[in-house]
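Each chain, written out:
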Amino acid sequence: MLNTLRSIVQDVAGAGSFREQLNLLVHDVRVALGTEVCSIYLMSSSREELLLAANEGFKPEAVGSVSLSLDQGLVGLVAQRAEPINLNNAGMHPRFILIPEIGEEAFHAFLGVPVIDHRQVLGVLVVQQRERRKFDESEEAFLVTLSAQLAGIIAHAEATGDVASLIADSGESALERADAIFRGVGGTPGIGKGTAVLIHPPASLEAVSDKVTDDVSTELQVLDRAIESVREDIRRISQQFSSSLPREELALFDVYLHMLDDNALAGDIRDRVRKGSWAQGALKQVIHEHVRRFEAMEDPYIRERGADVKDLGLRVLGYLQDIRAKKTYFPDATILVGEEVTPGMLAEVPADRLRGIVSVRGSVNSHLAILAQSLDIPAVMGAIDFPAANVDGIPLVVDGFYGEVICNPSTATIEHYETLMAGERALAEELDQLRDYKCVTLDGWRVGLWVNIGLTGVGRSLDRGAEGIGLFRTEIPFMTKDRFPSEEEQRVIYREHMVAFEPKPVTMRTLDVGGDKALSYFPISEENPFLGWRGIRVTLDHPEIFMVQARAMLKANAGLKGDLRIMLPMITSISEVEEAMSLVERAYQEVLEEGVEVKQPQIGVMVEVPAAVYQAKRLASMVDFLAVGSNDLTQYMLAVDRNNPRVADLYHETHPAVLTALRDVAKAAQTENTYLGICGELAGNAVGAVLLMAMGYRVLSMNETSLPKVKWVLRNVKRSDARRMLARVLRMDTHEEVQAFMHQQLIRAGLGRVLPSHH
Ligand code: PEP
Ligand code: MG
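Along every chain, residues carry numbers that run from 1 in the direction the sequence is written. Chain letters start at A and ligand numbers start at 1, both assigned in the order the entries are written. In keeping with the predicted nature of the model, local features appear solely for residues at pLDDT of at least 70, side-chain atom pairs appear and are counted solely at 80 or more, and the whole-chain, interface and lining totals rest on all residues. Remark: hydrogens and water are excluded; side-chain values derive from all non-hydrogen atoms of the structure.

**Observations regarding the sheet that holds strand β17 (residues 506-509)**
Any two strands between which DSSP finds at least two bridges are classified as paired. Secondary structure elements follow DSSP: runs of H or I of four or more residues count as helices, runs of E of two or more count as strands, with numbering from the N terminus. The eight strands are arranged β15-β16-β17-β18-β19-β20-β21-β22 in a closed barrel whose pairing can be described as parallel. Adjacent strand axes in the sheet meet at a mean angle of 25°, parallel and antiparallel pairs treated alike. Pairing of strand β15 (residues 448-453) with strand β16 (residues 469-473), which is carried by three bridges, proceeds in the parallel orientation. Paired with V451 across the two strands is I469, which belongs to β16. An axis is simply a line fitted to the C-alpha atoms; with a helix, the fit covers only the stretch in contact. Between two such axes, the angle follows the N-to-C directions and lies from 0 to 180 degrees.

So this is what it looks like as structure tokens:
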């Protein structure tokens, strides 16, 4: 049965249109269960009717003409109950009805199972036959399993409008409809509106044939010329970005250049040409081998590197075939779309025309997402259902906040998003004026607003009024390299930030790799990476990495007035703090011995594992500051993977359990008189900021875009009122109640403009 199940699912998934998928499904199921009839009914958009969408066994005209309300027939009953019904003599059932016009006869045996996705009944799958037969347990289980697997396909067809068009039989494809929505993950927050420009890889490696050459030296010359041309292109692109991208991101282009070195791809290709292959064939083989190797890796970050290799290969092929990438026309508002948008493709669009990016593949880890964030271009990554090949020239809206792409937005949708964009712009301009004001509540309570750094340059943060760096995600400069950066390389990057922020405090977090953050040159492959070798666990096991980093941080601060704060991620046990503190002390002594005058750093612990909440008082007594990482604390408290879209609707930073934990940490820090901050996303959100301020968090560290909004909100509330709200909230049972109450309070206080209104 398992094999049959698998082959049906594969068959259906591989079929062309949605209609073909359903036809195949009813055919395969009928054959597999040896019945006379198999049907699939789909729920209408009103959720009041079930329409026969595919069938084998009735008259052909039945499809599309039979519809049943939910209180009609056994099929309706399956949908109403959302449970299977299995009868050997259906005619005896009070809900049985017969529709003779379509060739339905006295079918006695009936097995119907609901198709359910995310708790919603999308349809009913039914098998029937004349002869009495009680489908056995394994047959029923088979149909239930199959229907669960198919639910995804049907849910997708609902989202794209294929269900609606099939029911209406309009033949209109999803893309012709207004407001077809496709989902991915938000790569960069923001909203972009414009025209889709499909960007193709310039040539196809698959189309290259394997040929032998008897003129090796000419082939080698052609190859060298092509590779050199690609190198020049990369240098030109890198130049083009040199003023708009921070240095660590520009380093990506160096990685590209290295890949083309003789001891990397170029050498392998040349070897094959010397053995008699023509250059294009040699290129194809080498690129495919490398890509396969990358794609076989479990680590998503390393897998992404396969795309870089492919991109390079295609560029070289373009020159070999002498078809320079066709000059694409980029309209004023371009939304760049592609199967796999690469940093190189991004570079082809004039920066002032690019409004958004949609990539079918890739994730928030991919270099493209890193670049897009640095350039502040709204991006949706991993939109796996997005029909990129068919959207060229279509108007699109990219909602990078929610990871959604809207094709052919209707006038109403455009107006909605334009209002939002205008609102965001107006608010941003208005709030810019607060830059030089302190963040003080109406009743005089001071809160520090700092920034999280890692992907963006420092200039913008200071322009927005940042009073310090609350979290420097040091793993980002590590991610854009192809080896661990040296002490000096690290020192230079860290110092740049410290100098820019002087005399403001700078919090450097020690390397937090593992989980969803991987280094290509230090692969970690685990079943359960968020519960695995991550953060401080890695660096304590590799004191050499920790020491180099700590020394670089200390030296970077030499001679500067600002405080260096070293922060330890993923702390779960007291002993980890003791060990890390003694390593920092050792690094400090070593740096002094080298003759570099440095100050003792402050040391802090991130509270992001529930264990640290329960030991917060003890931890607070050991260090200079605590900083809550609410992103991870939420994921670990609620047991919800912060990166898994399937459970995204269970991830709530204002879940009462999380809020109670945050309050307890605040109490512990107050008892020990230890400085307390927070650097998770909650700090950058209006509701979160008000509650955290009420709890006594002295520093809220956030991305620089949120900073002015948070300042405006806090400057317009009284702490005494916020404490009253907090007291109410801490007695609530659910996140929904908390949100509803807080929204109402903020709206009443005239602060509704900063609430996320568009969802
Ligand atoms: C957090 O977990 O809240 C945090 C700030 O760290 P990161 O998001 O980098 O894991
Ligand atoms: Mg974290």
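Don't stop here, the text continues.
**A word on helix α26 (residues 719-729)**
Accessibility here uses a 1.4 Å probe with only protein chains present; expressed as a share of the type maximum, an area under 20% marks a residue as buried, one over 50% as exposed, and anything in between as partly exposed. For α26, the complete set of buried residues consists of R719, A722, M725, L726 and V729. Down the axis of α26, the buried set is contained in an arc of 115°. They therefore lie on one face. The arc under discussion is defined with respect to the helix axis, by the directions toward the C-beta atoms.

**Let's talk about the site of ligand 1**
By nearness alone, 15 residues border ligand 1, and R473, R509, G629, N631 and R642 come closest of all. Between an oxygen atom of ligand 1 and a main-chain N or O atom of S630, the distance comes to 3.1 Å. A distance of 2.7 Å separates an oxygen atom of ligand 1 from a polar side-chain atom of R642. Here the open area of atoms and residues is found with the Shrake-Rupley method and a 1.4 Å probe, where only the protein chains shown may cover a residue. With the chains in place, 100% of the 290 Å² that ligand 1 exposes on its own is no longer accessible. Counting residues per element, the ones that place at least two in the shell around ligand 1 are β16 and α22 (630-638). Of the residues forming the shell around ligand 1, the biggest block, three residues, is contributed by α22. Looking at the shell around ligand 1 residue by residue, the class counts come to three nonpolar, four polar and eight charged. Whether a residue is near a molecule or strand is decided by its heavy atoms; if any one of them lies within 4 Å of it, the residue is near. In the analysis that follows, any N or O atom pair within 3.5 Å is treated as a polar contact, provided that within protein one partner can donate a hydrogen and the other can accept it, and provided that, for residues neighboring in sequence, both atoms belong to side chains. Residues are sorted three ways: Asp, Glu, Lys and Arg are charged, Ala, Val, Leu, Ile, Met, Phe, Trp, Tyr, Cys and Pro are nonpolar, and all the rest, Gly among them, are polar.

**Examining the domain arrangement of the protein**
For every domain, the bounds stem from an assignment made automatically or drawn from a database. Along its sequence, the protein is organised into domain 1 (2-171), domain 2 (178-200 + 327-428), domain 3 (216-320) and domain 4 (445-754). Taking only C-alpha atoms, the centre of domain 1 and the centre of domain 4 are 51 Å apart.

**A word on the sheet that holds strand β6 (residues 120-129)**
In space, the six strands of this open sheet follow the order β3-β2-β1-β6-β5-β4, with antiparallel pairing throughout. Both outer strands of the open sheet, β3 (67-69) and β4 (85-87), are each paired with one neighbouring strand and no more. Taking the axes of each pair of neighbouring strands and ignoring which way they run, one obtains an average angle of 20° across the sheet. Across the sheet, helix α2 (residues 18-33) touches β1 (37-43), β2 (49-56) and β6, and the angle it forms with β1 is around 140°. In this description, contact between two residues means that some pair of their heavy atoms is separated by no more than 4.5 Å. Packed on one face of the sheet, helix α3 (residues 73-81) meets β1, β2, β3, β4, β5 (109-117) and β6 and runs near 35° to β5.

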